[in-house]
Structures are given as structure tokens and as C-alpha cells.
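Letter by letter, the chains look like this.
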Amino acid sequence: MMKNIFIGVAAMALLGTVVMSSMLFETNMAGYVQVKQAAGTGQMSVRTEPGLYPQMFSSIYTYRISDVYDFNDRNESINVRFQDSATADVSGQIKYRLPVSEDGIMKLHNDFRSDLAVTTDLIRQVVAAAIKQTATLFDAEEVYSTRRSDFIRLVNEQIKSGIYATTFTEALKKDENGNNFIQRTVVPRYTEDGLPVISEESAFKRYDIELIQLVINDIDFDGKTDELIAKRKEAEQEQVVAKATAERAKQDAITTMEQG
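Below or above, wherever it landed, is the structure these notes cover. Every chain is numbered independently, its residues counted from 1 as its sequence is written. Only residues with pLDDT of at least 70 are given local features in this predicted model, and only at 80 or more are side-chain atom pairs given and counted; all residues enter the totals for whole chains, interfaces and linings. Side-chain metrics rest on all non-hydrogen atoms present in the structure, leaving aside hydrogens and water.

What about the environment of D220?
Phase 1 of the analysis: The numbering of helices and of strands both runs from the N terminus, where a helix is a DSSP run of H or I of at least 4 residues and a strand a run of E of at least 2. Structurally, the position occupied by D220 is in strand β13 (residues 210–221).
Phase 2 of the analysis: Burial status follows relative accessibility: with a 1.4 Å probe on protein chains alone, a residue under 20% of its type maximum counts as buried, one over 50% as exposed, and anything between as partly exposed. Residue class for D220 comes out partly exposed when judged on its relative accessible area of 33%.
Phase 3 of the analysis: With 141 residues separating them in the primary sequence, D220 and N79 have C-alpha atoms 9.3 Å apart.
Phase 4 of the analysis: Note on definitions: a residue-residue contact is assigned when non-hydrogen atoms from the two residues lie within 4.5 Å. Leaving out residues up to four positions away in the same chain, D220 has contacts with R74, T87, A88 and D89.

As C-alpha cells, then:
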């Protein structure tokens, strides 16, 4: 009987030791930084190096230094509207690196309080704002066919620096059938030195976050836009065929004349 009691007490003591040790010490793994808020005093400190540190019942907040935000999932993709009013869902991923200085980490922690909040309330918001603003500078067909790289470049620049100020213009134009239409254009505004005017500074710049890589995997246009693009491609192909046929007929006529 006494033996069983002794074993039970020993087991409880061992369990208590394990629980207590987890509250007395904390390991910061490689690739992470931690913010410690001391128990009682509330004093804040930052751990930027991996290793075992005293916790002493303090609150520990862990941040991943380098991470990937993925917006490939349909619920995470970013819906945009282009200059010609076409819409699309943009999907991809961004790899970023947080600052490793104590001041930089404390600034992030004071404003967001968790690694998850940094991802959802900072990284996603900056990426979404840059992609949405960039879409207003392009027609859907441009991004689909010839200017996709320009689109991605401007998204990158606005994530790093901030949202560009823009200028809106309207001009009366004629379409290929001779009908009048109003062409509305949005373009970035530049300084006399040729630099873009920033209307809203990027949080990446404010918190010294490094953009490592942005990948745009897909731009899924709405059904109506897909249909219009397909029709235009078909019309362009028909024009190419018609020109080739006309040129061939011309050459045949010349050959026939030469043969008498």
C-alpha cells in the first residue's frame, strides 16, 4: 500500500517537474525570433539567436523570420478590377523576411502581437492593395497577352515602396467600325525626376520587411472577359489567314502573268 502511494507521489512530482520546467525555460529555434514579456514586471525583451533561454513564467511570442504567404486557394485569391472594368481572381504566393533587429521586431510586436496577425493583417493587406491598384493601370487583354511581366513588376514595386498616385484621363476614340467611344486611362503619376509619386507608403518599407519573391501563378478572368478575349484572338487569326490568302493570290496572279 505504502509502495503504491510512494509511486503515485513520485509520478506526480515528476509530472510537476516537467510542467514547471516548461514554464521555466524556453527554446528559440533557428529561423525564429521571440519576444518575452516578463511575468510581474511586464518588461519586454527580444531573442534573435537560437538557444535555450530562461522563461520564468513569462509570456513568449514567437515569429518566423522568413515565411511564405500563399494566396493560391480560391478563398485566398485576390479579386481585382482592370481598367476596362473586367474582373479576375489573382492567385500566387509571396516569400518575405522580417527584420532581425530588436527594434524592428518590437515595432512589429507592439502593432500586431502575433505571427498570425503579421501574416493576415500586414502581409496579405499589402499584397492585396498592390495587386488591386496595379490592375487599374491595365486592360485585361494586355495582362492576358503582352504585358503580364509589366503587371508583375508594378505589383513588386508597390509592395516594396507603396501605392502609386495616379492620373485619370478621358479621350474620344473611334473603334475599328468607325463608332465613337470614350477611352478612360489611368496611369501612374511621376515626379520631375521620373520617380513614381507614392500616395501611401508600404508597410513593408515602414517595418523593414524584405520582399524575397513574388509569384503570380494564375489570373483567372471572369467568364465574359474570357469570351471576349477568345473572340478577339479568333478575329486576329482570321485576319492573318485573310492576309496570307490575299498575298498568295497576288503571287499566283504574278506567276500566271509571267507564264503568259
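Regarding the nonpolar core
Phase 1 of the analysis: Counting 49 residues, the largest nonpolar core has F82, L122, I123, I131, I159 and F204 as its most contacted members.
Phase 2 of the analysis: Ranked by residue count, the leading element in this core is helix α3 (residues 115–135), at 10 residues.
Phase 3 of the analysis: Excluding anything up to four places from it in sequence, F82 contacts A88, A135, F138, D139, A140, V143, F151, I219 and F221. By nonpolar core we mean a set of buried residues, namely Ala, Val, Leu, Ile, Met, Phe, Trp, Tyr and Cys, connected to one another through side-chain atoms within 4.5 Å.

Some details on unusual backbone geometry
Phase 1 of the analysis: If you check the backbone angles, S85 has positive phi at about 75 degrees while not being a glycine.
Phase 2 of the analysis: Here S85 is to be found in the loop between β7 (78–81) and β8 (87–97).
Phase 3 of the analysis: Although it is not a glycine, R113 adopts a positive phi angle of roughly 70 degrees.
Phase 4 of the analysis: With respect to the secondary-structure elements, R113 resides in the loop between α2 (102–112) and α3.

Things to note about the environment of G31
Phase 1 of the analysis: Relative to the helices and strands, G31 resides in the loop between β1 (25–28) and β2 (32–37).
Phase 2 of the analysis: Separated by 35 residues in sequence, G31 and S66 place their C-alpha atoms 7.1 Å apart.
Phase 3 of the analysis: For G31, the residues in contact, after removing those within four places along its chain, are Y63, R64, I65 and S66.

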